Amino acid sequence: MQNLKDREQLISWDREYVWHPFTQMQDWLDEDPVIIEHGEGVYLIDIEGNRYLDGIASMWTNVHGHNHPDLNAALKNQIDKISHATLLGSSNLPAIELAQKLVEITPVGLNKVFYSDNGSTAVEVALKMAFQYWQHKGESQRNLFVHFDNAYHGDTIGAMSVGGIDTFHNTFNSLLFDTVQVSTPQGASDAERRTLWLNAVARVLAENGGKIAGVILEPLIQGAGGMLIAPKGFLNGLAALAKKWNTLLIVDEVMTGFGRTGSMWACEHENISPDILCTAKGLTAGYLPLAATITTDEIYSAFLADYSDRKTFFHGHTYTGNPLGCAVALENIAIFEREELIDKLQTTIAHFECRLQEFYQLKHVGDVRVCGMAAGIELMKDVDNTIPYAYEERVGIQVCQAGLRKGVLLRPLVNTIVLMPPLQISVSELDALLDITYNAIDEVTYK
Ligand SMILES: *Cc1c(COP(=O)(O)O)cnc(C)c1O
């Protein structure tokens, strides 16, 4: 723990030198920041020794808790060997072993692993891979991607091009490439919504004939768009449509992968195997930036040719296949297997789902959406749930500030409070998270 003078120094340096992501810095400068010093399980501890339950798994990444002895050991062990060696022109032990393991645990047919550093790059790789694949197949007219409104695939230009969140992306519209965006239909029932939605995709695929390179989506649940749950069967139906129209299905499991939805991959819920799968956030259990884009033999093979044909996939990042990231990811997967975490998780999820229903007792809670260990609690201004809070009211931010005072660290998506704790949270810790969140919403929305 630091003394008070150090704390003031750190706060002033933070204000002077750090530009925080997705943050209106003018507001930030008016608040005292929480400065995290260390972590213990699901708790984050700041420089004054205050403990906060990590309600968002440190931006949806943490799996087994912070400062985990086995993950720490795996990392230290690798550090004593080598911290980085390039995959451009050589290979390294953890990168090879992790690729083998990822192929083993991902849906059947995904056999080739391309590494990068984060979710956005995993998506960029997927888009470029799909685009170039069609050129190699002699179908270079396939240069359009189909995606969905409210989709979030990252913040780089390509990932934004297939995104669908106006607040994030509108500023950059003139920089983004052309795509076909399919909007989410409203419908009375889940089944009705699924039918309308699939029909809309079918129409787009029919209208654009052979011009579609691929369809990209977040399976089961759109995260950053507001924790929006897709109707049951939608993913499966979409996979069938992609197959029917001979286009590629790209599944962005950056958030949903590594157990978040209650199975290792969201794809497993609907028994589908995509052409390309992107993984990042949970891959290193919240330890290091690492991502992978995993694809089929069919796509990989299309790039095999004489050197002079220039069919090489000309893409890569300096830290591609970083040994530290790969070593910690391997240990992450080992813990999943050793502790049978997916099985164990079912009890936690059942408890989570059940207790989340209590939030409907709060008059300003309009909707509670949950998919495995990811939930969104949407707040509404009026008690009939027809009028949303205005963006300017910052009600989501206020709830998170109230949560912080009560010992929980949260981060909203506008008026939706996100709960996404580390998967290894205990039932009693989960109860504390839910109780505090409930009280924070109560306090802010009834004042
Ligand atoms: C977070 C996220 C990304 C972007 O990942 P970064 O590591 O932040 O670049 C992409 N897709 C989905 C579904 C995500 O949730």
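Residues numbered from 1 in each chain as written. Predicted model: local features only at pLDDT ≥ 70, side-chain atom pairs only at ≥ 80, totals over all residues. Heavy atoms only, no water.

**Notes on the sheet that holds strand β2 (residues 43–46)**
Part 1: With mixed pairing, the 4 strands of this open sheet are ordered in space as β1-β2-β3-β15. Either end of the sheet is taken by a strand with one partner, and the two such strands are β1 (36–40) and β15 (408–409).
Part 2: Direction of pairing for strand β3 (residues 51–54) relative to β15: parallel, over a ladder of 2 bridges. Considered in β15, the bridge of aspartate 54 is made with leucine 409.
Part 3: Contacting β2, β3 and β15, helix α15 (residues 427–445) runs over the sheet at an angle of about 100° to β3. (Pairing = 2+ DSSP bridges. Helix = DSSP H or I, 4+ residues; strand = E, 2+ residues; numbered from the N terminus. Contact = heavy atoms within 4.5 Å. Axes fitted to C-alpha atoms, helices over the stretch in contact; angles between N-to-C directions.)

**What about the site of the ligand?**
Part 1: Near the ligand you find Trp60, Asn118, Gly119, Ser120, Tyr152, His153, Gly154, Glu218, Asp252, Val254, Met255 and Lys281, and these make up its full shell.
Part 2: A distance of 3.5 Å separates a nitrogen atom of the ligand from a polar backbone atom of tyrosine 152.
Part 3: Between an oxygen atom of the ligand and a side-chain N or O atom of lysine 281, the distance comes to 2.6 Å.
Part 4: Split by residue class, the shell around the ligand holds 4 nonpolar, 5 polar and 3 charged. (Near = heavy atom within 4 Å. Polar contact = N/O pair within 3.5 Å; in protein donor to acceptor, adjacent residues only side chain to side chain. Nonpolar A, V, L, I, M, F, W, Y, C, P; charged D, E, K, R; others polar.)

**So, the domain arrangement of the chain**
Part 1: The domain boundaries assigned to the chain delineate domain 1 (34–67 + 341–445) and domain 2 (72–338).
Part 2: Centre-to-centre separation of domain 1 and domain 2, based on C-alpha positions: 27 Å.
Part 3: Buried area between domain 1 and domain 2, both sides added, is near 2,100 Å², and the carbon and sulfur share of it is 65%.
Part 4: By the criterion of area lost to domain 2, the three top residues of domain 1 are Trp60, His64 and Cys371, representing 27% of everything that side buries.
Part 5: On the surface where domain 1 and domain 2 come into contact, there are 0 salt bridges.
Part 6: The set of elements that each furnish at least two residues to the side of domain 1 that touches domain 2 consists of α3 (57–60), α13 (341–356), β13 (365–371), β14 (374–379) and β17 (416–419).
Part 7: With 5 residues, the top contributor of residues to the side of domain 1 that touches domain 2 is α13.
Part 8: Residue composition of the side of domain 1 that touches domain 2, by class: 20 nonpolar, 10 polar and 1 charged. (Domains from an automatic or database assignment. Buried area = accessible area lost by both parts, 1.4 Å probe. Salt bridge = Lys/Arg side-chain N within 4 Å of Asp/Glu carboxyl O.)

**Considerations on the packing of aromatic side chains**
Part 1: Considering all chains together, one arrives at 11 aromatic pairs under this definition.
Part 2: Ring geometry for tryptophan 197 and phenylalanine 234: centres 4.0 Å apart, planes at 15°, overall stacked. You can see tryptophan 197 sitting in helix α9 (residues 190–207) and its partner phenylalanine 234 sitting in helix α10 (residues 234–244), a full 37 residues away along the chain.
Part 3: Looking at tryptophan 197, the relative accessible area reads 4%, which means it is buried.
Part 4: Site record: aromatic cluster; members linked through ring pairs are Phe22, Tyr152 and Phe168.
Part 5: Taking the ring centre of tryptophan 134 as reference, the NZ or CZ of arginine 142 above it sits at 4.5 Å. (Phe/Tyr/Trp six-rings, centres within 6.5 Å; stacked < 30°, edge-to-face > 60°. Buried < 20%, exposed > 50% of the residue type's maximum accessible area, 1.4 Å probe, protein only. Lys NZ or Arg CZ within 6 Å of the ring centre and 35° of its normal.)

**Considerations on the pattern of salt bridges**
Two side chains that carry opposite charge are able to pair once their charged atoms sit near each other.
Part 1: This model, assessed by the stated rule, comprises 21 salt bridges.
Part 2: Glutamate 48 is paired through a salt bridge with arginine 7; the nearest N and O atoms lie 2.9 Å apart. Separated by 41 residues along the polypeptide, glutamate 48 in the loop between β2 and β3 and arginine 7 in helix α1 (residues 4–17) bring together distant segments of the chain.
Part 3: Residue glutamate 48 is classed as partly exposed on the basis of its relative accessible area of 36%.
Part 4: One network of salt bridges, in which partners are shared, links Arg7, Arg15, Asp32 and Glu48.

**Quick look at the sheet that holds strand β10 (residues 248–252)**
Part 1: Pairing is mixed across the open sheet formed by 7 strands, whose spatial order is β4-β12-β11-β10-β7-β5-β6. Since the sheet does not close on itself, it has two edges, and those belong to β4 (112–116) and β6 (180–182), each with one partner. Each neighbouring strand pair of the sheet contributes to a mean axis angle of 20°, computed without reference to strand direction.
Part 2: Bridge analysis of β4 against strand β12 (residues 291–295) gives 5 bridges, and the strand direction is antiparallel. Bridge assignment links serine 116 to a residue of β12, and that residue is alanine 291.
Part 3: Sheet strands touched by helix α5 (residues 93–105): β4 and β12. Its angle to β4, the strand with the most contacts, is close to 125°.
Part 4: Across the sheet, helix α6 (residues 119–136) touches β4, β5 (144–148), β7 (212–217), β10, β11 (276–279) and β12, and the angle it forms with β12 is around 25°.

**Topic: a nonpolar patch on the surface**
Part 1: On the surface, a cluster of nonpolar side chains totalling about 350 Å² of accessible area is made up of Trp13, Tyr17 and Val18.
Part 2: Its place among the elements puts tyrosine 17 in helix α1.
Part 3: With relative accessibility at 59%, the residue tyrosine 17 sits in the exposed group. (Patch = residues over 30% accessible without salt bridge, like charges linked within 9 Å, V, L, I, M, F, W, Y side chains within 5 Å. Areas by Shrake-Rupley, 256 points an atom, 1.4 Å probe, with all protein chains shown as cover.)

**Observations regarding unusual backbone geometry**
Part 1: Phi angles above zero are rare outside glycine, and alanine 57 is one such case at about 45°.
Part 2: Inspection of the secondary structure puts alanine 57 in helix α3.
Part 3: Of note, arginine 394 is a non-glycine position whose phi angle comes to about 50°, a positive value.

**Quick word on helix α4 (residues 69–79)**
Part 1: For α4, the full list of buried residues reads Leu71, Asn72, Ala74, Leu75 and Gln78. On an axial view of α4, the arc spanned by its buried residues comes to 160°, and they lie on one face. Opposite the buried face of α4, at more than 90 degrees from it, the exposed residues are Pro69 and Lys76. (Arc of directions from axis to C-beta.)

**Focus on the nonpolar core**
Part 1: Leu102, Phe359 and Ile377 are the most contacted members of the largest nonpolar core, which has 104 residues in total.
Part 2: Residues from two domains meet in this core; each of domain 1 (34–67 + 341–445) and domain 2 (72–338) gives at least three.
Part 3: If sequence neighbours within four positions are ignored, phenylalanine 359 has contacts with Val365, Val368, Ile377, Leu434, Thr437, Tyr438 and Ile441.
Part 4: Core analysis: the second largest hydrophobic core is formed by 26 residues, Leu127, Ala130, Ala213 and Ile250 among them. (Core = buried A, V, L, I, M, F, W, Y, C linked by side-chain atoms within 4.5 Å.)

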